[in-house]
Amino acid sequence: MSARMLDGRTLSKEIRASLFERSLRIKNNGRAPGLAVILVGNDPASKVYVRNKSKACDECGVMSKVFLFPKTVSEHELVELIEELNASNEIDGILVQLPLPEHVNMRNIIGCISASKDVDGFHLYNVGGLVVGGTIFPPCTPYGVQLLLETAKIEVSGKNVVIVGASNIVGKPMALMLLQKGATVSICHIKTNDLSLYTRLADILIVAAGKPGLITADMVKNDVVVIDVGINRMPDGSITGDVDFDNVKHKASWITPVPGGVGPMTVTMLIENTIKAAELRMSINNLEVTKWSNKIRCKDYPNYLVKFDMPTVIIAGTENEVKECYEVYRQLRPALTRKSFTEQILRQMKSDNYKIACIKKDGKVVACAGFRILETLSWGKALYIDDLITDEMSRNRGHASHLITWLQEEAKRLSCKQLHLDSGFARINAHRFYQNSGFHIRSLHFSKEL
Ligand code: NAP
């Protein structure tokens, strides 16, 4: 038996064709997406990686600029350039090719990159997103591995995944991503006693140690899926991975070749992240929405387009109006006690910019939504919408629709580029409704984080 190949080269080609389309759409809106690559020193491997990245940019219609520095460059000079690139309208993504010389503090440098241009996904903001779920730019290599698995329809949920290598750029983020997908993940590293004890347990084995021949056939079980991230240049100039490919392939069900497996995917995901950054910056709203909950159904949303006489939207100003809004809310959430909820609402109202928009009909509140304007670190000004609710009696009369239209107008008036939806509100129909609004829509699970 011989394993099936997880062919990153072919998959990359397909993805790059679709990236070119996305890139073109951005270009038609003004300018091509732009990637800045900073390369310090003369490391031959780094030079090859940078060249590959530039080539892939050309292929996908992304403008790339390479900034070369001698290895004597000061941290200050690099920071200055990054700050310039952060402010540049031409650049959507910034990548610092690692490793950097020892006298340069890598963490300081990466920390200077604006989180919204951190297409490598190494900024603490994006790393944090990976930990709690919902990162914007997943680190390219693990992202590429995840896509290889998904495309081959290899289920990870409930599987034993063993990762050899615990680096910040491959092993750790890979573990977090697959943990989130429901895998049981073990991470091995140089201090792991008896590596083979773990590797033999693996349904999916991901190796990123940078040690040629580290994984031999006797270390894996039959039908294992093997992802070899390693790239090792041998004395004869050839490239090999960390896995003894020729022997392991007879036991595995799937395996990545080196070269032609993970490598091309890494570069492709970098381009994907760059295009995503450009889309976010230009508010092109074609992101896949992954965060809505489909568990709760709300009767309002299928009826957005119902025609109705236009009631006026007001901002609940008096305490009485707030209490009326609360009554509407309580019809959906009877478990909330009056006191605690009213107090919460009033507290929120007092806090920066929180307001309740409501529709009054015949002098009575029939629909309401909480909202506030946010200045987010990465995405600028956004209108954050809390739960939107309508009165039980007036459900399906189009009040929700009217309130949403009003909120969108308000967002435009206040120059917001995005609408952020509370997870309770961010249901599929709501997203469909917003899809053509010209805003970038984000669903948030943890509104408090904002
Ligand atoms: P790294 O920072 O050197 O990390 C290697 C990790 O492997 C470390 O956690 C290290 O443990 C562990 N390790 C080393 N020898 C080991 C052994 N004998 N047994 C168990 N664990 C061992 O390297 P990296 O940046 O993650 O890269 C790893 C490999 O992937 C390299 O070959 C690199 O070229 C390649 N890579 C490929 C791509 C791609 O696109 N295909 C992208 C990135 C990297 P300690 O930390 O405890 O020493």
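Along each chain, the written sequence defines residue order, and numbers are assigned to residues from 1. Totals for whole chains, interfaces and linings use every residue, but because this is a predicted model, local features are given only for residues with pLDDT of at least 70 and side-chain atom pairs only at 80 or more, for both listing and counting.

**Regarding the pairing of strand β4 (residues 93-96)**
Okay, so step 1: For the exposure call, what matters is how many other C-beta atoms sit within 10 Å of a residue's own: 20 or more marks it buried, 12 or fewer exposed, and in between partly exposed, using C-beta atoms placed from the backbone. In this text, helices come from DSSP runs of H or I with a minimum length of four residues, and strands from runs of E with a minimum of two, each type numbered from the N-terminal end. On β4, burial covers both faces: G93 and L95 on one face and I94 and V96 on the other are all buried.
Okay, so step 2: By this definition, two strands are paired if DSSP reports at least two bridges between them. In terms of strand pairing, strand β2 (residues 34-40) meets β4 through four bridges, oriented parallel. Looking across to β4, one finds that A36 is bridged to I94.

**Structural notes on the packing of helix α2 (residues 44-59) against helix α10 (residues 262-281)**
Okay, so step 1: Every axis in this analysis is a line fitted to C-alpha atoms, fitted for helices over the stretch in contact. Angles between the N-to-C directions lie between 0 and 180 degrees. Close contact between α2 and α10 brings their axes to 10 Å; oriented N to C, the two are set at 55°. As the angle between them shows, α2 and α10 are arranged oblique. Crossing hand, α2 versus α10: right-handed. The residues of α10 that touch α2, namely those facing N52, K53, A56 and C57, are V267, T268, L270 and I271.
Okay, so step 2: By residue class, the composition of the contact of α2 with α10 is five nonpolar, two polar and one charged. Just so you know how the angles are binned, under 35 degrees is roughly parallel, over 145 roughly antiparallel, 65 to 115 roughly perpendicular, and the rest oblique. Each crossing gets its handedness from the near helix: less than a right angle anticlockwise from the far helix is left-handed, clockwise is right-handed. By definition, residue pairs are in contact when their C-beta atoms, positioned from the backbone, come within 7 Å. Ten residue types, Ala, Val, Leu, Ile, Met, Phe, Trp, Tyr, Cys and Pro, are classed as nonpolar, four, Asp, Glu, Lys and Arg, as charged, and the remainder, Gly among them, as polar.

**Observations concerning α10**
Okay, so step 1: Look at α10: 29 Å from first C-alpha to last across 20 residues, which is about the 28 Å you get at 1.5 Å a residue.
Okay, so step 2: Burial within α10 is extensive, with 20 of its 20 residues counted as buried. What a helix should span is 1.5 Å times the count of its residues minus one.

**Regarding the pairing of strand β6 (residues 184-188)**
Look at any regular strand and the pattern is simple: side chains alternate between the two faces of the sheet.
Okay, so step 1: Across five bridges, strand β5 (residues 160-164) lies against β6 in parallel orientation. Following the sheet pairing, V164 is matched in β6 by C188.
Okay, so step 2: Assessed by its sense of winding, the connection that carries the chain from β5 through helix α7 (residues 171-180) to β6 is right-handed. Assignment of crossover handedness uses the view with strands pointing away from the viewer, where a clockwise path from the first strand over the helix to the second indicates a right-handed crossover.

**Observations concerning the sheet that holds strand β3 (residues 63-69)**
Okay, so step 1: With parallel pairing, the three strands of this open sheet are ordered in space as β3-β2-β4. Of all strands in the sheet, those bounded by a partner on one side alone are β3 and β4. Recorded for the sheet is a direction-independent mean angle of 15° between the axes of neighbouring strands.
Okay, so step 2: Relative to β3, β2 is paired through seven bridges, and the arrangement is parallel. Each residue of the ladder has a partner; that of V37, found in β3, is V66.
Okay, so step 3: Strand contacts of helix α3 (residues 75-87): β2, β3 and β4, with the helix running at about 175° to β2, the strand carrying the most contacts.

**Description of α3**
Okay, so step 1: When the terminal C-alpha atoms of α3 are compared, their 19 Å separation across 13 residues agrees well with the 18 Å that a helix rising 1.5 Å per residue should span.
Okay, so step 2: Those residues of α3 not exposed but buried are L78, I82 and L85. End-on, the buried residues of α3 take up no more than an arc of 60°, which puts them together on one face. Along α3, the residues that are exposed and aim more than 90 degrees away from the buried face are H76, E80, E84 and A87. Comment: arc refers to directions from the helix axis out to C-beta atoms.

**With respect to the sheet that holds strand β11 (residues 254-255)**
Okay, so step 1: With parallel pairing, the six strands of this open sheet are ordered in space as β1-β11-β8-β7-β5-β6. Looking along the sheet, the strands with just one partner apiece sit at the ends: β1 (4-5) and β6.
Okay, so step 2: Where β1 meets β11, two bridges bridge the pair, whose relative direction is parallel. Along β11, the bridge assignment pairs M5 with I255.

**A short note on unusual backbone geometry**
Okay, so step 1: The omega torsion of the bond from L98 to P99 falls at 5°, within 30 degrees of zero and hence cis.
Okay, so step 2: Of note, P99 is situated in the loop between β4 and α4 (106-112).
Okay, so step 3: For the bond running from V258 to P259, omega is 0°, close enough to zero to count as cis.
Okay, so step 4: At K153, a residue that is not glycine, the phi angle is positive and equals roughly 55°.
Okay, so step 5: Of note, K153 is situated in the loop between α6 (140-151) and β5.

**Digging into the nonpolar core**
Okay, so step 1: The term nonpolar core refers to a group of buried residues, namely Ala, Val, Leu, Ile, Met, Phe, Trp, Tyr and Cys, whose C-beta atoms join them within 7 Å. Residues V161, I206, V207 and V226 are the most contacted members of the largest nonpolar core, which totals 85 residues.
Okay, so step 2: If you look at the next biggest cluster of nonpolar residues, it comprises 28 residues, including V313, I356, F371 and Y384.

**Quick notes on the packing of α6 against α7**
Okay, so step 1: In the contact formed by α6 and α7, the axes pass within 8 Å of each other and the chain directions differ by 40°. Relative to α7, the element α6 is oriented oblique. Two packed elements cross with a definite hand, and for α6 against α7 that hand is right-handed. Facing α6, whose interface residues are P142, V145 and Q146, α7 presents P173, M174 and M177.
Okay, so step 2: Here the contact of α6 with α7 is built from residues that sort into five nonpolar, one polar and no charged.

**A short note on the environment of A175**
Okay, so step 1: In this fold, A175 is placed in helix α7.
Okay, so step 2: You can call A175 buried: it has 22 C-beta atoms within 10 Å.
Okay, so step 3: When residues no more than four places from it in sequence are discounted, the contact partners of A175 are I163, V185 and I187.

**Details of the confidence of the model for the protein**
Okay, so step 1: Each residue carries a pLDDT score, the predictor's own confidence in it, on a scale running from 0 to 100. Confidence along the protein averages 82 in pLDDT terms, with 78% of residues attaining 70 or more.
Okay, so step 2: This model gives residues 425-429 a pLDDT under 50, and the stretch forms 19 contacts once residues within four places in sequence are excluded.
Okay, so step 3: Residue range residues 445-450 is modelled with pLDDT below 50. Its contacts to residues more than four positions away, or to other chains, number nine contacts.

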